[in-house]
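# Inside the fold
Okay, here's what each chain looks like letter by letter:
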Amino acid sequence: MQSSIVSKIMSLVTVISETRSPMSFSELVQKSGLNKSTLHRLLAICTEEGLVQFDKTNKVYLLGPKVFDLVRNAYSGYDIQTIALGEMTQLHDQFGANVTLGVPSGFEVVYLRVIEGKFALGSTQRPGMREPMHCSASGKVLMAFLPEEIVASKLQGYEFTKFTDRTITDLATFKTALAKVRVDGFAYNDREEYDHFHGISAPIFNHLGEPAAVLNIWSLVQTHATDELLSWAPSLMAAAARVTGLIGGKAP
C-alpha cells in the first residue's frame, strides 16, 4: 500500500528531529529514502506549516517553530495528577499499600496526591507534604536521573539532616545510592526518615528524559516485609513508564 502524505511528512519530520546536526537537501534524500521531487514537495508543505525551517546561510533543514509550540502547549496543558491517577489506583488495588505521586521542588519532594493503603495507621504523607531529597525513595529517584552537572550543583553544600539511624548523612554514600538507583531503575527507602516506614519509587520522565515526577509505594515494615515490597518494583516501574508515555516523555 502506498504511504499517505501524512505518514511521509511524519517520517520526514522524525528524520530531521533525530539527526545530531542539521542536514542538507542531498543528505535528507539519502537519509529519508525519498526521491528528490517528493522530498521537495514535502519540505515545501512542512516549511509552510512551520514544521520545518530552512537555514539559508548553511543551506540545511531544522525543526520548525510549530513543533516546539506543540510540545510547549502539551506540557503546559496536562495535569499530571489526572494522568497518573489510573496507574496509582491500579497499584493501590494490586498491593493494598499507600501510593503517592510527587514532584521536585528545590531540594525537596512535594506530594500532589496520596491514596492511602488498606491498613494505613495514620498517614505520614499527605497532599502538599514535603520530604528532603536524601532520605526518601522519591528524592533519590528525582536526583539520580538528572544530568550530573545539575546533581553536583544541587548537592554543593547540601545538609544531610539525620532523622533515623539509617539516614544517609554524607555525600559519598548518597552518590553511591544514586548510582544504584540508576542501575536498578527505582529507589528504596529503608526507614531513613521514619523508623517504621519504607518505600519504593520510580521516575516519570519528561520529553527531555529528565524526571518530572515520581510514583511511590510505601508501607509499614510490620505490614509488608522488605522482600515483599521490593517484589513490587517491576509493577511500579511499568506504571511509571506508562505515565511517561502518556505525557510524551522518554526514558534517558
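Everything below is about the structure shown above.
Residues numbered from 1 in each chain as written. Predicted model: local features only at pLDDT ≥ 70, side-chain atom pairs only at ≥ 80, totals over all residues. Heavy atoms only, no water.

## A word on a nonpolar patch on the surface
On the surface, Ile5, Val6 and Met10 cluster together into a nonpolar patch covering about 280 Å² of accessible area. Position of Val6 among the secondary structure elements: in helix α1 (residues 5-18). For Val6, a relative accessible area of 55% translates into the label exposed. (Patch = residues over 30% accessible without salt bridge, like charges linked within 9 Å, V, L, I, M, F, W, Y side chains within 5 Å. Areas by Shrake-Rupley, 256 points an atom, 1.4 Å probe, with all protein chains shown as cover. Salt bridge = Lys/Arg side-chain N within 4 Å of Asp/Glu carboxyl O. Helix = DSSP H or I, 4+ residues; strand = E, 2+ residues; numbered from the N terminus. Buried < 20%, exposed > 50% of the residue type's maximum accessible area, 1.4 Å probe, protein only.)

## Overview of unusual backbone geometry
Most peptide bonds take the trans form, and the phi angle of most residues other than glycine is negative. With a phi close to 55 degrees, Lys59 is a non-glycine residue in the positive phi region. Note that Lys59 resides in the loop between β1 (52-55) and β2 (60-63). Look at Arg191: it is not a glycine, yet its phi comes out positive at around 55 degrees. Within the secondary structure layout, Arg191 lies in the loop between β6 (187-190) and β7 (197-205).

## A look at the pairing of strand β8 (residues 211-220)
Burial analysis of β8 places 9 of its 10 residues in the buried class, the great majority of the element. Note: strand β3 (residues 98-105) against β8, 5 bridges, orientation antiparallel. Among the inter-strand pairings, Leu101 is bridged to a residue of β8, identified as Leu215. Of the pairings in the sheet, the one linking β7 to β8 comprises 9 bridges and is antiparallel in character. Residue pairing across strands places Ile200 opposite Ile217, the latter belonging to β8. The antiparallel pairing of β7 with β8 creates a hairpin that spans 5 residues between the two strands, and Gly209 there sits at a positive phi of about 80 degrees. (Pairing = 2+ DSSP bridges.)

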